[in-house]
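Observations on chain architecture
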Amino acid sequence: MIFLISCAASFVLQDGEVLILFLTYQYDRSYYKNMPKVTKKELKRENLLNQGVAMLMEQGYHGTGLQEILDAANIPKGSFYNYFGSKENFGAEVIQHYVDPFIAQLAVHLQQSETNALAAIRHYFDELIMELEKNEFKGGCLLGNLMGEIGDTSEICRKSLQSAVGRYRDLLQSGLAKAQQQGTVRSDKSAEEMADLLINTWQGALLRMKIEKSSAPVTQCCKDLLEDFFKP
């Protein structure tokens, strides 16, 4: 039997605010019953990654000390190295942990819209803009923040950023390719080119949003591309 469930991925920011991403998943009950139980070690690891997302978003990679993360997660230093080995490895895994909910959220939109993939992509970005407005434009995107801060100084984190962006781009590309088949997106440019353009423009708009404290740049980005440039 198939069920729909909703869950929330929450990241607590340093100032006490909580960023919550609501995701809906479809699962098979028989499969769910057979899933292994989450161990205490896995829960502690998850807690460390959640704290890492929150602190790196608020303070940046270099501005966040390892001891701060350990204190927030209530985990001794020795245990940390059993999980991640180094701060660089931790940063690389935080990057993947951060992007996972966004990929899942976009995947749900695409799966639930078989007839209009372009509208599904637009609805997804509309949700992101609403969350940015609710949080008063704080934080922006951790991927974009870290690209500017450590993208060329840590090879481990650079590769993780490249992988995260690639995973995200590939899913957008599949959605745009489906929209091309449906006739709602132009076919004289490849879905890959348009997915890259959308990500690059969105990241630039997020940076401008942060300095202007307005959703206008990201709204214009989506409108100009999804409602104009990408159209046949």
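Residues numbered from 1 in each chain as written. Predicted model: local features only at pLDDT ≥ 70, side-chain atom pairs only at ≥ 80, totals over all residues. Heavy atoms only, no water.

Secondary structure summary: the chain contains ten helices and two strands in total. When the helices and strands of the chain are read in sequence order from the N terminus, they spell out β-β-α-α-α-α-α-α-α-α-α-α. Buried residues in the chain amount to 44% of all 232 residues. In the chain, once contacts between residues fewer than 6 apart in sequence are set aside, the share between residues at least 24 apart is 66%. Approximately 12,400 Å² of the chain is accessible, and the part contributed by carbon and sulfur atoms is 52%. (Helix = DSSP H or I, 4+ residues; strand = E, 2+ residues; numbered from the N terminus. Buried < 20%, exposed > 50% of the residue type's maximum accessible area, 1.4 Å probe, protein only. Contact = heavy atoms within 4.5 Å. Areas by Shrake-Rupley, 256 points an atom, 1.4 Å probe, with all protein chains shown as cover.)

Here we come to the packing of aromatic side chains. For the structure shown, the criterion picks out ten aromatic pairs. Ring centres 4.9 Å apart and planes at 65 degrees place the aromatic pair Phe125 and Trp202 in the edge-to-face group. Pair noted here: Phe125 is in helix α6 (residues 117-134) and Trp202 is in helix α9 (residues 191-212), with a separation of 77 residues, a long-range link. As far as the burial class goes, Phe125 and Trp202 line up, both buried. Among the aromatic residues, ring-to-ring pairing joins Phe80, Tyr81, Tyr83, Phe84 and Phe90 into one connected group. Residue placement shows Lys87 over the ring face of Tyr61; its charged tip is 4.5 Å from the ring centre. Above the plane of the ring of Phe229 lies Arg186, whose end atom (NZ or CZ) is 4.6 Å from the centre. (Phe/Tyr/Trp six-rings, centres within 6.5 Å; stacked < 30°, edge-to-face > 60°. Lys NZ or Arg CZ within 6 Å of the ring centre and 35° of its normal.)

Okay, the nonpolar core next. The biggest cluster of nonpolar side chains holds 64 residues, and the ones touching the most others in it are Leu48, Phe125, Tyr168, Leu172, Leu198 and Trp202. With ten residues, helix α5 (residues 87-112) is the single largest residue contributor to this core. Phe125 has contacts with Tyr168, Leu172, Leu198, Trp202, Cys222 and Leu226, leaving out every residue within four places of it along the chain. (Core = buried A, V, L, I, M, F, W, Y, C linked by side-chain atoms within 4.5 Å.)

Without other data, these values stay purely geometric and don't point to any function.
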